[in-house]
Amino acid sequence: MSLSVRSVATTPFDGQKPGTSGLRKRVAVFQQEHYTENFVQAIFTAMPAPGPKNAVLVVGGDGRYFVKDAVQKIVRIGAANGIAKFIIGQNGILSTPAASAIVRKRQADGGIILTASHNPGGPKNDFGIKYNMRNGGPAPESVTDAIFAATRSISEYHMADIGNDIDLAALGTQKFDGFEVEIVDPVNDYVELLKDIFDFDLIRQFREKTPDFKLLFDALNGVTGPYGRRIFVDELGFSESSLEQCEPLEDFGGGHPDPNLTYAYKLVERVEKEAISFGAASDGDGDRNMVLSHDWFVTPSDSVALIAHYAAECIPYFKRSGVHGLARSMPTSCAIDRVAAAKGLEVFEVPTGWKFFGNLMDAGRLSICGEESFGTGSDHIREKDGIWAIVAWLNIIAHVNRSTPGASVRSIMQDFYSIYGRNYFTRYDYEEVESDGAARMVDRLRSFISETESDSGIVGKVFGGFTVAKVDDFEYTDPIDHSVSRRQGIRVIFDDSSRIIFRLSGTGSQGATVRIYIERFDPSSFDIDAQVALKPLVDAALEISQLEQFTGRKEPTVIT
Ligand code: VG1
Ligand code: CO
């Protein structure tokens, strides 16, 4: 018997343009007749050569509402487009890093990841679909542009008639006419990978010798609960009480599965109240992380720099193969640049979005990188990796404690600053503001772009004691494929190297989100509260942008 396929007539939907990380919309939008099908068909239509025929595809998501429905649609449409094998996480579950790891390990031709990441889930909230390439990384702009083009011209999609839904619960291979489905354990391969990267023995010994060291991991009811339990409790031996909100829920318990000081408030409160030595959280799909202790918050820009500083010294993966280069997204603070300079490594500054790191990793020029938005990772996969970052920290804490017993998150960061100085950093987010006002604000900022004093510009003007040296809109040429990405964020750079960056989010699903990133380097004072240290620049940012006038907002939604 051969596969029975039917074609369904459809018409394009507006706005199926993938953003910073896939297509994200309200669930109700995806539930419209043909909406999800159109986008999935567009992925197969645009899949880079040799296309979907006989391809192996990894499919899974963060467990949010609508993931299972989408998996069933992907199997039917994918099979009709020629996919030979689907590797699917049990019950449709795969964290984003685990999906990337499985694409690589199984040498699949790509993957479809079902997540809106840190955006809330449930019937009234967000869903998302992202396409990843053969290297396990998010599709580059050339491919997401081709997907978007396909959504604009679509007139039909193809569906395989397979009768009943696929059983997503039963591990093992199910054979159908013309294709097969393998349901895999979502956690196993990923845990094996991490055990190969980090020194689990060292962390275990440190835990046994240091009973006062308290860990608290909060999965925010996202996908990482089972991963966290396996690694922190089963493998490393921390107690069950080290886990918080580790039950994956379709609506993340109604919360924002975003590991920052605002949305991970339960963790932040417990860490303070119980004097936790090391607290950590990850986001809905497990690619972000936040680390802190009862007396220190590690800003993500510092976290990646710290990991880069210690990697070759104590993390087996890097001890074996070396560190080949570092990178950060443009708005991320320049702390990692200082580590690169000290260690004689190349460092790259790419636009916001993990997809820009992939080419450099594939070319062997990048080992460790991060984004200020709580994204940290390495070339072990091609996505950022929340649990990886948390275990990296445990590995480093255990290592430093060998020579300096009692070393804490705080003392480790203070030691780091005493070597490199401190790049104070903060980010202000204004979520879901009215789109028109935000666009007009950005247009006005764009009119300031200049390297010289000009009538319209602000170069040479002084704000809060800081003199503007240059205003530009970040543009990036990929060193490997030479593709150019323009308009990636407006940078106001001051003559002392302080920076203010303005960007509109590409992951929101409603209105616009304005992000303001602020950075100042201090070579000698490390212990000032970041909000205090950056207050003059925050005021300057609000004055330069006239944010309140354009958006009506007096206060940000989230401060990092
Ligand atoms: C945000 C972050 C960006 C990150 C992206 C995806 O994008 O700023 O650094 O790569 O989310 O993260 P934007 O366009 O909203 O600023 V995740 O964990 O949501 O996949
Ligand atoms: Co995420």
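Fair warning: this is a prediction, and the values are worked out from it, not measured in the lab.

## Examining the site of ligand 1
Logical step 1: By nearness alone, 19 residues border ligand 1, and Thr-20, Ser-117, His-118, Ser-373 and Thr-507 come closest of all.
Logical step 2: Here an oxygen atom of ligand 1 sits 2.5 Å away from a polar atom, N or O, in the side chain of His-118.
Logical step 3: Between Glu-371 and ligand 1, the recorded distance is 2.7 Å, taken from a side-chain N or O atom to an oxygen atom.
Logical step 4: Its residues assigned to classes, the shell around ligand 1 comprises no nonpolar, ten polar and nine charged.

## Details of the pattern of salt bridges
Logical step 1: With the rule as written, the count across this model stands at 42 salt bridges.
Logical step 2: For Arg-328, the salt bridge is made with Asp-337, and the minimal N-O distance between the two is 2.7 Å.
Logical step 3: Asp-337 sits in the partly exposed class, given a relative accessible area of 22%.
Logical step 4: One network of salt bridges, with partners in common, ties together Arg-328, Asp-337, Glu-349, Lys-470, Asp-472, Arg-491, Arg-499 and Glu-519.

## Side note on the UniProt feature "domain: Alpha-D-phosphohexomutase alpha/beta/alpha" (unreviewed entry) in the chain
Logical step 1: Using the residue numbers shown here, the UniProt feature "domain: Alpha-D-phosphohexomutase alpha/beta/alpha" (unreviewed entry) corresponds to residues 16-157, 189-293 and 303-403.
Logical step 2: End C-alpha atoms of residues 16-157 are separated by 15 Å, and the span's content is 37% helix alongside 23% strand.
Logical step 3: As a span, residues 189-293 carries 37% helix and 15% strand, and end to end its C-alpha atoms are 30 Å apart.

## Remarks on the nonpolar core
Logical step 1: By size, the foremost hydrophobic cluster in this structure holds 68 residues, and its most contacted members are Leu-194, Ile-231, Phe-232, Phe-278 and Trp-393.
Logical step 2: In this structure, Phe-232 is in contact with Leu-215, Phe-217, Gly-237, Phe-238, Ile-387, Ile-390, Val-391 and Leu-394, ignoring residues within four places of it in sequence.
Logical step 3: With 47 residues, the next largest nonpolar core counts Phe-30, Ile-112, Ala-150 and Ile-162 among its residues.

## As for the sheet that holds strand E2 (residues 23-26)
Logical step 1: Strand order across the open sheet formed by seven strands is E2-E6-E5-E3-E4-E9-E8, with mixed pairing between neighbours. Edge positions in the sheet fall to E2 and strand E8 (172-176), since each has one partner strand and no second. The average undirected angle you get between the axes of adjacent strands in this sheet is 15°.
Logical step 2: Of the pairings in the sheet, the one linking E8 to strand E9 (residues 179-184) comprises five bridges and is antiparallel in character. Its bridge partner being in E9, Phe-176 is matched across the sheet by Phe-179.
Logical step 3: Sheet strands touched by helix H2 (residues 35-46): E2, strand E3 (56-61), strand E5 (110-114) and strand E6 (126-132). Its angle to E6, the strand with the most contacts, is close to 10°.
Logical step 4: Along the sheet, helix H3 (residues 67-80) makes contact with E3, strand E4 (85-93), E5, E6 and E9, crossing E4 at roughly 170°.

## Quick word on helix H6 (residues 188-197)
Logical step 1: Those residues of H6 that sit buried are Tyr-190, Val-191, Leu-194 and Ile-197. One face of H6 carries all of its buried residues, which in axial projection span an arc of 120°.
Logical step 2: Structurally, H6 contributes buried residues whose contacts are with helix H4 (96-105), helix H7 (200-209), helix H8 (225-235), helix H11 (316-321) and helix H14 (386-403).

## Concerning the pairing of strand E16 (residues 347-350)
Logical step 1: Going residue by residue along E16, you find Phe-348 and Val-350 tucked away on one face and Val-347 and Glu-349 left uncovered on the opposite face.
Logical step 2: Relative to E16, strand E15 (residues 326-329) is paired through four bridges, and the arrangement is parallel. Paired with Leu-326 across the bridge in E16 is Val-347.
Logical step 3: In the classification by handedness, the crossover that spans E15, the intervening helix H12 (residues 335-343) and the parallel E16 is right-handed.

## Here's the deal with the packing of aromatic side chains
Logical step 1: Counting across every chain of the model gives 21 aromatic pairs.
Logical step 2: Ring geometry for Tyr-317 versus Phe-318: centroids 4.9 Å apart, planes at 85°, classification edge-to-face.
Logical step 3: Residue Tyr-317 is classed as buried on the basis of its relative accessible area of 16%.
Logical step 4: Measuring from centroid to centroid gives 5.8 Å for Phe-466 and Phe-494, while their planes differ by 65°, and the two rings are edge-to-face. Highlighted residues: Phe-466 in strand E21 (residues 466-473) and Phe-494 in strand E24 (residues 490-494), separated in sequence by 28 residues.
Logical step 5: Among the aromatic side chains, those forming a connected cluster through ring pairs are Phe-13, Phe-30, Tyr-35, Phe-66 and Phe-127.
Logical step 6: Above the plane of the ring of Phe-238 lies Arg-207, whose end atom (NZ or CZ) is 6.0 Å from the centre.
Logical step 7: It is Arg-338 that lies over the ring of Phe-521; its NZ or CZ is 3.4 Å from the centre.

## Some points on the packing of H2 against H3
Logical step 1: Between H2 and H3, the shortest axis-to-axis distance is 10 Å and the interhelical angle comes to 45°. With respect to each other, H2 and H3 are oriented oblique. The chirality of how H2 crosses H3 is right-handed. Counting all contacts with H2, which are made through Thr-36, Glu-37, Val-40, Gln-41 and Phe-44, the residues of H3 involved are Lys-73, Ile-74, Ile-77 and Gly-78.
Logical step 2: Grouping the amino acids of the contact of H2 with H3 by side-chain chemistry returns four nonpolar, three polar and two charged.

About the criteria used
- Residues numbered from 1 in each chain as written.
- Chains lettered and ligands numbered in written order.
- Predicted model: local features only at pLDDT ≥ 70, side-chain atom pairs only at ≥ 80, totals over all residues.
- Heavy atoms only, no water.
- Near = heavy atom within 4 Å.
- Polar contact = N/O pair within 3.5 Å; in protein donor to acceptor, adjacent residues only side chain to side chain.
- Nonpolar A, V, L, I, M, F, W, Y, C, P; charged D, E, K, R; others polar.
- Salt bridge = Lys/Arg side-chain N within 4 Å of Asp/Glu carboxyl O.
- Buried < 20%, exposed > 50% of the residue type's maximum accessible area, 1.4 Å probe, protein only.
- UniProt positions renumbered as here; feature names shortened; annotations may be inferred.
- Helix = DSSP H or I, 4+ residues; strand = E, 2+ residues; numbered from the N terminus.
- Core = buried A, V, L, I, M, F, W, Y, C linked by side-chain atoms within 4.5 Å.
- Contact = heavy atoms within 4.5 Å.
- Pairing = 2+ DSSP bridges.
- Axes fitted to C-alpha atoms, helices over the stretch in contact; angles between N-to-C directions.
- Arc of directions from axis to C-beta.
- Right-handed = clockwise from strand over helix to strand, strands pointing away.
- Phe/Tyr/Trp six-rings, centres within 6.5 Å; stacked < 30°, edge-to-face > 60°.
- Lys NZ or Arg CZ within 6 Å of the ring centre and 35° of its normal.
- Parallel < 35°, antiparallel > 145°, perpendicular 65-115°, else oblique.
- Left-handed = near helix turned anticlockwise from the far one by under 90°.

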